[in-house]
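This is what each chain is made of:
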Amino acid sequence: MMKIVSDIATLRRAVGEAGPVAFVPTMGNLHEGHLSLIRIARQHARAVVVSIFVNRLQFQPSEDFERYPRTFERDQQLLTSERVEIVFAPDERVLYPVPQSYTVRPPPIAAELEGKFRPGFFDGVATVVLKLFNCVQPAVAVFGKKDYQQLMIVRGMVQQLDLPLTIIAGDTVRESDGLG
């Protein structure tokens, strides 16, 4: 049975009971691409943890954080069908109980490609991913190749900070309409 947890202490207890876990971080609004990452995660650990957290730090002032699609009930159904053991769905105040003044600054690659058009975006990505890794403490985490720049930044962060986990890359899976 899938456990939905919203606080870090409960998450850590659930992960401790589940044993080594594979982790798939998401912002929700799940689609087939996310589900393919979950299937890959299933191959690498006894239990899978999926996070659903819309990260304010990834949005620029001109972008609309409030309008990001939140489809939690539908996401739960999809995660149940994939037999996910733990869903970590914290409120923003759980991950950011005070304004986040400590952030992770990725290397210059973060200012190229997508980062060129969204300054600071990858600072927000790296910061929340590091926080989520600290909360979940997975053995492996799965990221899609679709966001290749993000994948490279996360891999580099894990390597340089000597985080005790393996990053696995999943191939891009697109919906029938071509979106992924």
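For the structure, see preceding data.
From a predicted model like this one, the values you see are computed outputs, not experimental measurements.

Draft legend 1. Representation of the pairing of strand 3 (residues 47-52) in the model. Of all six residues that make up strand 3, six are buried, and the element is covered over most of its length. Two elements, strand 2 (residues 21-26) and strand 3, share six bridges in a ladder whose sense is parallel. What sits directly across from phenylalanine 23, in strand 3, is valine 49. Of the crossover connections in this fold, the one passing from strand 2 over helix 2 (residues 32-42) to the parallel strand 3 is right-handed.

Draft legend 2. Fine view of the sheet that holds strand 5 (residues 140-144). Read from one edge of the open sheet, six strands run 1-4-3-2-5-6, paired in parallel fashion. The open sheet has two edge strands, strand 1 (3-5) and strand 6 (166-170), and neither has a second partner. Averaged over all adjacent pairs, the angle separating strand axes in this sheet is 25°, with direction ignored. Here strand 3 runs beside strand 4 (residues 86-88); their pairing, made up of three bridges, is parallel. Paired with valine 50 across the two strands is valine 87, which belongs to strand 4. Running over the sheet, helix 7 (residues 148-160) touches strand 5 and strand 6 and is turned about 165° from strand 6.

Rules behind the numbers
Residues numbered from 1 in each chain as written. Predicted model: local features only at pLDDT ≥ 70, side-chain atom pairs only at ≥ 80, totals over all residues. Heavy atoms only, no water. Buried < 20%, exposed > 50% of the residue type's maximum accessible area, 1.4 Å probe, protein only. Helix = DSSP H or I, 4+ residues; strand = E, 2+ residues; numbered from the N terminus. Pairing = 2+ DSSP bridges. Right-handed = clockwise from strand over helix to strand, strands pointing away. Axes fitted to C-alpha atoms, helices over the stretch in contact; angles between N-to-C directions. Contact = heavy atoms within 4.5 Å.

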